[in-house]
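Given next are the chains, with one letter for each unit.
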Amino acid sequence: MQKIKDVFRISPSRTYSSLPSSSSSSSSSSSADTSFSPPLSQHTPSSTSDPIPHIDQSQHESPEYSSSFLSRITYMWVQPLLKVGYQRPIQETDIWALPAHLACSKTGDRLKHLDWNRKNPLLYAIIREFVLPNWKIPVVRLIISFFMFVNPFLLRYLVSNLKAPSGQSEGIWFLWLAALGLFAGALVQSVFQHANYWMGLQVGLSVRGALMSEISRKALRMSLCGRHRREYGPGVVTNLMSVDPDSARAFFWNSVNDIWAAPMQIIVLLILVCIVIGPYGLLGVLTMALAIPINPYLVRRAGFNKQKALEFSDKRVRLLHEIIQGIRLLKLYSWEPPFVERTAQIRQGQMLHLNLGYDKWI
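Residues numbered from 1 in each chain as written. Predicted model: local features only at pLDDT ≥ 70, side-chain atom pairs only at ≥ 80, totals over all residues. Heavy atoms only, no water.

**Observations concerning the packing of helix 7 (residues 136-163) against helix 8 (residues 172-221)**
- Taken N-terminus to C-terminus, the directions of helix 7 and helix 8 make an angle of 155°; their axes are 8 Å apart at the nearest point. Between helix 7 and helix 8, the interaxial angle falls into the category roughly antiparallel. The two elements helix 7 and helix 8 cross, and the hand of that crossing is left-handed.
- Broken down by class, the residue content of the contact of helix 7 with helix 8 amounts to 21 nonpolar, eight polar and two charged. (Axes fitted to C-alpha atoms, helices over the stretch in contact; angles between N-to-C directions. Helix = DSSP H or I, 4+ residues; strand = E, 2+ residues; numbered from the N terminus. Parallel < 35°, antiparallel > 145°, perpendicular 65-115°, else oblique. Left-handed = near helix turned anticlockwise from the far one by under 90°. Nonpolar A, V, L, I, M, F, W, Y, C, P; charged D, E, K, R; others polar.)

Now the structure itself:
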């Protein structure tokens with residue numbers, strides 16, 4: 001995220017508008033290109049009918065927003081695409097168009113004006129433009145947390161009454177209501193979990209598209225020579241456009257709401273454990289208290305190894321870019337073995353830090 005913020009700070013010293021252009025050359029090239037263009041029939045799809053049914057392309061937009069409420073909460077609007085994928089491999093023409101609010105042309109414009117007077121202008125802009133407008137996601141997380149606490153109590157009530165003697169148990173209707181409540185709670189929790197998953201995925205894709213769009217725009221406007229080009233070479237720009245936006249997508253997909261939801265759930269669960277099992281629940285509180293100073297250390301170690309892995313990735317991509325640029329001299333002087341060995345060493349260093357990443361420390 002810090003590298004992305006630094007890229008956003010770069011002021012363009014040369015743009016494509018400053019490059020020389022000639023109208024006569026463009027007109028001559030366009031006239032020359034038309035003579036070599038293939039006939040139109042080669043660009044049009046074949047008129048032979050496919051025996052396997054395919055999706056109607058007259059409705060190119062996604063049917064999600066035109067479907068009924070029941071179809072949207074059960075995701076039945078995806079059924080035509082799943083049917084086609086079952087019968088044959090899905091092609092690009094089978095997939096519906098991306099919604100307008102998720103396109104990079106729309107999301108990228110929302111990060112053009114950053115308030116550099118703030119401490120973290122990029123993070124503030126993402127939260128302001130993408131997180132706060134989606135206020136439904138925190139509400140859904142609260143509902144999920146509520147049913148996560150209610151269902152175990154209903155199950156405990158049902159089991160305790162089934163084990164009780166016949167004279168001390170509640171009426172049969174109370175047991176039926178508890179069983180129905182347990183089923184309804186699990187059903188509602190599942191529906192809201194999928195809704196949270198789907199809405200969070202849209203937010204993550206919007207953030208990823210916006211970051212990739214702005215990084216691409218800044219990279220194309222950087223000077224072809226100078227400090228910016230040396231500092232942000234092909235390897236750094238490639239990682240900025242692939243790894244970092246994907247990490248931001250994963251964070252704003254699930255983890256951004258865990259900042260407030262996870263502590264709330266831990267506190268409520270510890271209180272409920274103390275109520276249900278008595279003083280022995282304090283052992284859980286003690287365990288959580290002992291884990292508090294350990295978790296930050298593990299997170300720092302995991303972040304350190306991930307940062308080192310990204311640095312090795314930058315070196316490897318930069319080296320491969322240099323090899324491709326000088327491939328003629330490399331083949332002329334038979335320098336393949338040392339460059340292959342050098343690339344393998346960088347890759348080994350990258351894999352070493354990847355193996356010591358989040359999976360090993362958390």
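There is more to say after this.
**A closer look at unusual backbone geometry**
- Its identity is not glycine, yet Tyr 75 carries a phi of approximately 60°, on the positive side.
- Its location among the elements puts Tyr 75 in the loop between helix 3 (69-74) and helix 4 (79-87).
- You will see that Ser 334, though not glycine, has its phi angle at about 55°, which is positive.
- Relative to the assigned elements, Ser 334 resides in the loop between helix 13 (327-332) and helix 14 (336-355).

**Let's talk about the environment of Ala 178**
- For Ala 178, the location among the structural elements is in helix 8.
- Residues Ala 178 and Leu 154 lie 24 residues apart in sequence; the distance between their C-alpha atoms is 6.0 Å.
- Not counting residues within four places of it along the chain, the set of residues in contact with Ala 178 comprises Tyr 157 and Leu 158. (Contact = heavy atoms within 4.5 Å.)

**Some details on the pattern of salt bridges**
- According to the stated counting rule, one finds nine salt bridges in the structure shown.
- Ionic pairing is found between Arg 110 and Glu 129, a salt bridge with its closest N-O pair at 3.7 Å. Of this pair, Arg 110 sits in the loop between helix 5 (104-107) and helix 6 (121-131) while Glu 129 sits in helix 6; the two residues are 19 residues apart in sequence, bridging distant segments of the chain.
- Since its relative accessible area comes to 22%, Glu 129 is described here as partly exposed.
- Two residues, Arg 128 and Glu 129, come together in a salt bridge whose shortest N-O distance is 3.2 Å.
- According to the relative accessible area criterion, Arg 128 is partly exposed, its value standing at 31%.
- Several salt bridges converge on common partners, so that one network encompasses Arg 110, Arg 128 and Glu 129. (Salt bridge = Lys/Arg side-chain N within 4 Å of Asp/Glu carboxyl O. Buried < 20%, exposed > 50% of the residue type's maximum accessible area, 1.4 Å probe, protein only.)

**Digging into the packing of aromatic side chains**
- Scanning all chains against the criterion turns up seven aromatic pairs.
- Site record: aromatic cluster; members linked through ring pairs are Tyr 75, Trp 77, Trp 96 and Trp 198.
- Positioned over the ring face of Phe 312 is Lys 315, at 5.3 Å from the centre of the ring. (Phe/Tyr/Trp six-rings, centres within 6.5 Å; stacked < 30°, edge-to-face > 60°. Lys NZ or Arg CZ within 6 Å of the ring centre and 35° of its normal.)

Just distances and angles here, no functional claims.
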